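# Summary of the model geometry
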Amino acid sequence: MLDLNRLKALHAVHVYGSVGAAADALMVTPSAVSQQLAKLERETGATLLERNGRGVKLTDAAGLLAEHAERILALVETAEADFEALRGAVVGKLAVGAFPTAARGLMPQALNLLRLRHPDLAVHLSEREPERQLREVARGELDLVVVQDWLNRPLAVPEGLSRATLLDDIADVAMPAAHPLAERKEVELAELSGDRWISSSSGTICHDWLVFTLRSAELEPEVACTADEYPTQLALVEAGLGCAIVPRLGRVHVPAGVRMVPIRPRQTRRIYALWRTDAARRPAIRAAVEALVEASKELELGWIS
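None of these values were measured; they are calculated from a predicted model. (Residues numbered from 1 in each chain as written. Predicted model: local features only at pLDDT ≥ 70, side-chain atom pairs only at ≥ 80, totals over all residues. Heavy atoms only, no water.)

### Some remarks on the overall build of the protein
Scanning the protein for helices and strands turns up ten helices and ten strands. Projected onto its principal axes, the C-alpha positions of the protein cover 75 × 50 × 30 Å. Of all 305 residues assigned to the protein, the portion counted as buried reaches 45%. Put simply, of all contacts in the protein between residues at least 6 apart along the chain, 75% involve residues at least 24 apart. Averaging the locations of the 35 positively and 41 negatively charged side chains of the protein gives two centres separated by 3 Å. (Helix = DSSP H or I, 4+ residues; strand = E, 2+ residues; numbered from the N terminus. Buried < 20%, exposed > 50% of the residue type's maximum accessible area, 1.4 Å probe, protein only. Contact = heavy atoms within 4.5 Å. Lys, Arg positive; Asp, Glu negative; His and termini not counted. Charge placed at Lys NZ, Arg CZ, Asp CG, Glu CD.)

Take a look at the structure:
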């Protein structure tokens, strides 16, 4: 009989293209993946890996088995979801992903609610960028993810995923207190012509959105500094090194030397939960979404007050 863990290791190598990448996805060592594949070779009596330069590649037999493994693993997930739904109990394991700002600003409250309400549910949180989360939830490596996109630049979501909107996160311009527009009630981006900008790292969703948004306002962004954490961006703004666009979820503390000025028209990113539609019957998924929605409402009420 074929072992599911060995099939999962083979499928991961098939999807990610190497033993090392598969190990990263499965959160085990490359040696552990290699051992599983060696055992699977003995079980099947077939060669599954062959040398390819400095690395390895799957044989035709391994590719065929990996395709079957994908269907088998999907059926196992469906069976587990149906069984959990029949029992109606929020138990087992739940792998959750969240982008960095949500991992810090939203997930602690939601996970605490889950812990108090469902002590038999073991939740593992991983911090991930949205694009990686989409891949991992679609492939079944994560059960539920919290992602973001900007209303003027939506994220492409693969088919087979369901979503629940959690909150709309409004962004303002962070300016040094000495900036000529710092005391304004609101500002249009076009008025910031000539300013330098603090941005997330090139290639991230927030950096690409900033460049897109500024160019839409006919501004060519001059990025003075890059920092992926909003508190760091605010510290750089306070030092007078540029302006930044910072959402409310990213503003745990605004330094005394920084002014937050609303943008006209309003700039908003939407934060939502995603999960595989086939797994929606799992009580653990429903419970996690409920906790996320409740924690999001509490955050929004705090912003209003």
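### Remarks on the packing of helix α2 (residues 19–26) against helix α3 (residues 30–44)
Running from amino to carboxyl end, α2 crosses α3 at an angle of 105°, the nearest separation of the two axes being 8 Å. As judged from the angle between their axes, α2 and α3 are roughly perpendicular. Side by side, α2 and α3 meet where V19, G20, A23 and L26 of the first sit next to P30, V33 and S34 of the second. (Axes fitted to C-alpha atoms, helices over the stretch in contact; angles between N-to-C directions. Parallel < 35°, antiparallel > 145°, perpendicular 65-115°, else oblique.)

### Examining the pairing of strand β5 (residues 144–150)
Burial analysis of β5 places seven of its seven residues in the buried class, which makes it a mostly covered element. Burial of the side chains of β5 extends over both faces: L144, V146, Q148 and W150 are buried on one face and V145, V147 and D149 on the other. Sheet analysis places strand β3 (residues 92–98) next to β5, joined by three bridges and oriented parallel. From the neighbouring strand, A98 faces β5, where its bridge partner is V146. (Pairing = 2+ DSSP bridges.)

### Examining the packing of aromatic side chains
As enumerated under the stated definition, the model contains one aromatic pair in all. Taken together, a centroid distance of 3.6 Å and an interplanar angle of 10° make the contact between W150 and W209 stacked. With W150 in strand β5 and W209 in helix α8 (residues 205–216), this residue pair connects regions lying 59 residues apart in the sequence. On the basis of relative accessible area, W150 is assigned to the buried category, the value being 2%. In this structure, R153 is placed above the aromatic ring of F212, and the distance from its NZ or CZ to the ring centre is 4.8 Å. Directly above the ring of Y272 sits R163, whose terminal nitrogen or CZ lies 4.3 Å from the centroid. (Phe/Tyr/Trp six-rings, centres within 6.5 Å; stacked < 30°, edge-to-face > 60°. Lys NZ or Arg CZ within 6 Å of the ring centre and 35° of its normal.)

### Quick look at empty space enclosed by the protein
If a probe as big as a water molecule is rolled over the atoms, it shows which places are left empty. The tally for this structure, following the rule as stated, stands at two cavities of 30 Å³ or more. Of the voids in this model, the largest cavity is the one considered here, and its volume is about 70 Å³. Around the largest cavity sit W150, I198, S199, S200, C206, W209, L210, Y230, Q233 and I245, which together line it. For the lining of the largest cavity, the secondary-structure elements that each account for two or more residues are β7 (196–199), α8 and α9 (230–238). Looking at the lining of the largest cavity, the element that brings in the most residues is α8, giving three residues. Taken together, the residues of the lining of the largest cavity break down into seven nonpolar, three polar and no charged. There is about 30 Å³ of room inside the second largest cavity. (1 Å grid on protein atoms, 1.4 Å probe; cavity = no way out; pocket = protein on both sides within 12 Å on 5 of 7 lines; lining within 4 Å. Points joined across faces, edges and corners; volume = space filled by probe spheres on them. Nonpolar A, V, L, I, M, F, W, Y, C, P; charged D, E, K, R; others polar.)

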